[in-house]
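This is what each chain is made of:
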Amino acid sequence: MKAYHLHVQGVVQAVGFRPFIYRIAHEHNLRGYVKNLGDAGVEIVVEGREEDLEAFIRDIKLKKPPLARVDKITKKEIPPQGFDLFYIEKSSGGGQEQGDSIIPPDIAICDDCLRELFDPTNKRYMYPFIVCTNCGPRFTIIRDLPYDRENTTMDEFPMCDFCRSEYEDPLNRRYHAEPVCCPVCGPSYRLYTSDGEEITCDPLRKAAELIDEGYIVAVKGIGGIHLACDATREDVVEELRKRTFRPQKPFAVMARDIDTVREFAYVTGEEEEELTSYRRPIVALRKKEPFNLPENLAPGLPTIGVMLPYAGTHYILFHWSRTPVYVMTSANYPGMPMVKDNEKAFEALKDVADYLLLHNRRILNRADDSVVRFVDGKRAVIRRSRGFVPLPVEIPFSYTGLAVGAELMNAFGVSKNGRVYPSQYIGNTGKVEVLEFMRDAIDHFRRILRVRGFDLIISDLHPSYNTTKLAMEMADSLGTELLQVQHHYAHVAAAMAEGGFEEVVGIAIDGVGYGTDGHTWGGEVIYLSYEDVERLAHIDYYPLPGGDLASYYPLRALMGILSEVYGVEELEETVRKCCPRAIGSLKYGETEFRVVMNQLARGINVAYSSSTGRVLDALAVLLNVAYRRHYEGEPAMKLENLALHGKNDVKLEVPVEENILSIKSLFRDILEVQASPADLAYSAHLAIARSFAEVATEKAKEFGVRTVVLSGGVAYNDIITKTIRKIVEAKGFRFYTTGEVPRGDNGINVGQAFLGGLYLEGYLSREDLMM
């Protein structure tokens, strides 16, 4: 007879781990108990024959529940205690300060629950809140650890006898499924008019009928409220655009099933796997030609964002609906947090939704739908939120820190015990309401991760970012050291962290990042290792009249670049000849055009930038595909769409002299070469990619580095990414882009946390990361 004390760490809460342990302990004739330790993991005390104990430990690793992840099992032999049976002990550990248990994310409805949902003999027939240990809300309802019902928003719904019998049966699929409920004891939906009047009806059936009739219905789900309408009707989609003030931003759609998706989009095997995964993100899919849905769903783009139903609510709506595809977009005005609370929904959505389908379970933690795209055949996460959060990213530094992330597309990250826990999508922290959401989310992460204080707080270098100001405020109030790190160093570090590299040459290409010299960076080649960080090469600085205004009115960026090519004297004639319609796109038209000309002539209010994103925006204007930016990345995305129709490489070049990539000749050649706009767009993409790849591999050879990484928002561009990869690999180097951490600003918190570790371990100094 032997006895062991086992401590299991990993994703072992809210995934059916304890009933799994109970079952395999009985299978191996063992005695003892299993106990949830909150954020410290799971404790198992078990005794029996040695061979049975060893088989039991093997089964923990090999037969674990599908959503569980076992990171570490610590085994210690102890004296046998003479247990009579094996049982599940009451949870403990809620007040502990240390631990490594990982809370799972919100999980799409499983096949078992889906079968029961449409089984007329089942007690939960057509009940939208059906769940079990293998599916349902987790992160969005959890208040504190350990993950027990009283620590979730389900504590407001006492279980009936039927649900409790399943909840307390270790052999039942719903054993300790904290959100378990049924129509007798659980949450319920109500349907309201926009002025708050309740409609007496079957709320989901009626909501489906209203969507079929062309109405816009606000639907409260797992992580917030969506706006749903018939995606097959151009007039309904256009009305939604008017009401939400989103004239161009692509709407995501939810399709009834994967066969429906194939009717309007191409789906690869990898894309289907992601669409049907427990994460159920929005996946950007290539539109079929002809595209048999309204073009105003994603105007001017080659892709459409698609997701499949992930909650009982969605399946029931489609069950009653004739419409096979819904627009399913976040219920918020541009730049504002998604609405999640009933009491705020009526006021916030009164001019947007015709009807509101709301349930009475509180959403504690807002979580937007995640967004992914497959770039050059590899998954690229654009927005990491529902289905991913709060799963961590491993880093080789064990400290407790807060990385506040970027200003736009924000997510922060809390680091602890060798892991970074990125938050859900926060958004544009330039908005006061978003910044308040960020503060609340930080407090929540600190609570569930048992973090009272920080060893270090890390922010961007930009002095005007609200995230920088928040980091300074928190560092001061907590008495914590603050470290500011350069934006593109953090982009490269995020790829270095995910890939587990110790030395890389990184290509960081995006729209904007505050440089160590006070200019705006965005077209960078950077060396990063445990010993040094160095800017090796970059796009030549060009003027941006009006600074940040150029990101909204890209004609400003084009005029800045062309003023370097032709001089201010010839600039007006060149612009009027190549893109006259762009002048009317400026907010004040001809008057503003004259102001911009004067700014360039006199050097007034002109910033200087090496941004790749602004170069692509300027090309979009030059080739007459986009004149305004209504949403992040719009001109560059529409330029990529044009380039995808190009077939001939007209051999445009971006020359490199003394580590400077000169884009002036690229614009001059485009104006002089006789070729179609599509071929010019395609060739410009290739030219930019070739120059970055050539410089990066040359520097990698010079520094003796074997790995080249690519990061930043432009790394979502398929043509540029594929071209860089092919050149890098052809020259014998390893090429890497992230597949888990977002490549854009939504993932920069991971890079900040990694650089914080390098700083605390003494590898890099404060000056290294700021100079």
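Just so it is clear, the structure is predicted and the values come from calculations on it, not from any experiment.

Definitions and cut-offs
Residues numbered from 1 in each chain as written. Predicted model: local features only at pLDDT ≥ 70, side-chain atom pairs only at ≥ 80, totals over all residues. Heavy atoms only, no water. Buried < 20%, exposed > 50% of the residue type's maximum accessible area, 1.4 Å probe, protein only. Helix = DSSP H or I, 4+ residues; strand = E, 2+ residues; numbered from the N terminus. Pairing = 2+ DSSP bridges. Expected span 1.5 Å × (residues − 1). Core = buried A, V, L, I, M, F, W, Y, C linked by side-chain atoms within 4.5 Å. Contact = heavy atoms within 4.5 Å. Axes fitted to C-alpha atoms, helices over the stretch in contact; angles between N-to-C directions. Salt bridge = Lys/Arg side-chain N within 4 Å of Asp/Glu carboxyl O. pLDDT = per-residue confidence, 0-100. Parallel < 35°, antiparallel > 145°, perpendicular 65-115°, else oblique. Nonpolar A, V, L, I, M, F, W, Y, C, P; charged D, E, K, R; others polar.

Peer 1: For this particular structure, what's the right way to read the pairing of strand E24 (residues 520-529)?
Peer 2: Side-chain positions along a regular strand alternate between the two faces of the sheet. Within E24, ten of the ten residues are buried, which leaves the element mostly enclosed by the surrounding structure. Relative to E24, strand E23 (residues 503-514) runs antiparallel, the two being bridged by nine bridges. Paired with Ile-507 across the two strands is Val-525, which belongs to E24. Counting the residues between successive antiparallel strands, the hairpin from E23 to E24 contains five residues, one of them, Gly-518, with a positive phi of roughly 90 degrees. In the sheet, E24 pairs with strand E25 (residues 533-539) via five bridges, with the strands oriented antiparallel. The residue bridging Leu-528 from the neighbouring strand is Val-533, located in E25.

Peer 1: Please explain helix H19 (residues 612-622) as it appears in this structure.
Peer 2: For an α-helix the count is 3.6 residues per turn, leaving residues at separations of three or four pointing the same way. A large share of H19 lies buried, amounting to eleven of its eleven residues. A positive backbone phi angle near 60 degrees is found at Asn-624, which sits one or two residues after H19.

Peer 1: What am I meant to see in helix H24 (residues 748-760) here?
Peer 2: In this model H24 runs 18 Å from its N-terminal to its C-terminal C-alpha over 13 residues, within 8% of the 18 Å that 1.5 Å per residue would give. By the criterion of burial, H24 is predominantly enclosed, with twelve of the 13 residues buried. Looking at H24, one finds that the buried residues are Ile-748, Asn-749, Val-750, Gly-751, Gln-752, Ala-753, Phe-754, Leu-755, Gly-756, Gly-757, Leu-758 and Tyr-759.

Peer 1: I tried to follow the nonpolar core on my own but got confused; where do I start?
Peer 2: Ranked by internal contacts, the top residues of the largest apolar core, which has 109 residues, are Phe-17, Ile-21, Ile-44 and Phe-56. Per-element tally for this core: the top contributor is helix H11 (residues 432-448), with eight residues. Contact partners of Ile-21, with chain neighbours within four places excluded, come to Val-34, Ile-44, Phe-56, Ile-60 and Phe-86. If you look at the next biggest cluster of nonpolar residues, it comprises 75 residues, including Ala-537, Ala-582, Leu-652 and Ala-678.

Peer 1: Would you mind showing me how to read the sheet that holds strand E18 (residues 401-403) here?
Peer 2: Two modes of strand pairing occur in sheets, parallel and antiparallel, and in both the strands are linked by backbone hydrogen bonds. One open sheet accounts for six strands, arranged E17-E20-E19-E18-E21-E22; its pairing is mixed. Where the open sheet ends on each side, the last strands, each with one partner, are strand E17 (393-394) and strand E22 (481-485). As paired elements, strand E21 (residues 456-460) and E22 share five bridges and run parallel to each other. Its bridge partner lying in E22, Ile-458 is registered against Leu-483. In this fold helix H12 (residues 466-478) packs onto E18, E21 and E22, with an angle of close to 160 degrees to the strand it touches most, E21.

Peer 1: I tried to follow the pattern of salt bridges on my own but got confused; where do I start?
Peer 2: Once the charged atoms of two side chains with opposite charge are near each other, the side chains can pair. Within the structure shown, the criterion is met by 57 salt bridges. Residues Asp-148 and Arg-18 are paired through a salt bridge, measuring 4.0 Å at the closest nitrogen-oxygen approach. With Asp-148 in the loop between helix H3 (111-117) and helix H4 (161-167) and Arg-18 in helix H1 (residues 17-27), this pair connects stretches of sequence that are 130 residues apart. We classify Arg-18 as buried; its relative accessible area is 8%. Close ionic contact of Asp-649 with Arg-690 constitutes a salt bridge, the shortest N to O distance being 3.0 Å.

Peer 1: What exactly am I supposed to notice about the confidence of the model for the chain here?
Peer 2: In low-pLDDT segments, the atomic positions of the prediction should not be examined closely. Summarising the model, the chain shows a mean pLDDT of 95, and 99% of its residues fall at 70 or more. The low-confidence segment residues 94-98, where pLDDT is below 50, has 15 contacts with residues more than four positions distant or belonging to other chains.

Peer 1: What is the right way to read the packing of helix H15 (residues 555-566) against helix H21 (residues 664-672) from this model?
Peer 2: Two measures define how a pair of helices packs: the angle their axes make with one another and the distance between the axes. At a minimum axis separation of 9 Å, H15 and H21 run at an interaxial angle of 90 degrees. On the basis of their axis angle, the class for H15 and H21 is roughly perpendicular. Across from Leu-558, Ile-561, Leu-562, Glu-564, Val-565 and Tyr-566 in H15, the residues of H21 making contact are Lys-664, Phe-667, Arg-668 and Leu-671. Across the contact of H15 with H21, the residue classes break down as seven nonpolar, no polar and three charged.

Peer 1: Would you mind showing me how to read unusual backbone geometry here?
Peer 2: Backbone phi values are negative for most residues with the exception of glycine, while trans is the configuration of most peptide bonds. The linkage connecting Glu-289 with the following residue, Pro-290, adopts the cis geometry, with an omega of 0 degrees. Here Pro-290 is to be found in the loop between strand E11 (282-286) and strand E12 (303-307). Cis geometry marks the peptide bond from Val-389 to Pro-390; its omega dihedral reads 15 degrees. Even without glycine at this site, Asn-29 takes up a positive phi of about 60 degrees. If you trace the backbone, Asn-29 turns up in the loop between H1 and strand E2 (31-36). Even without being a glycine, Arg-450 presents a positive backbone phi close to 60 degrees. As for its position among the elements, Arg-450 is in the loop between H11 and E21. The class of Arg-450 is buried, set by a relative accessible area of 9%.

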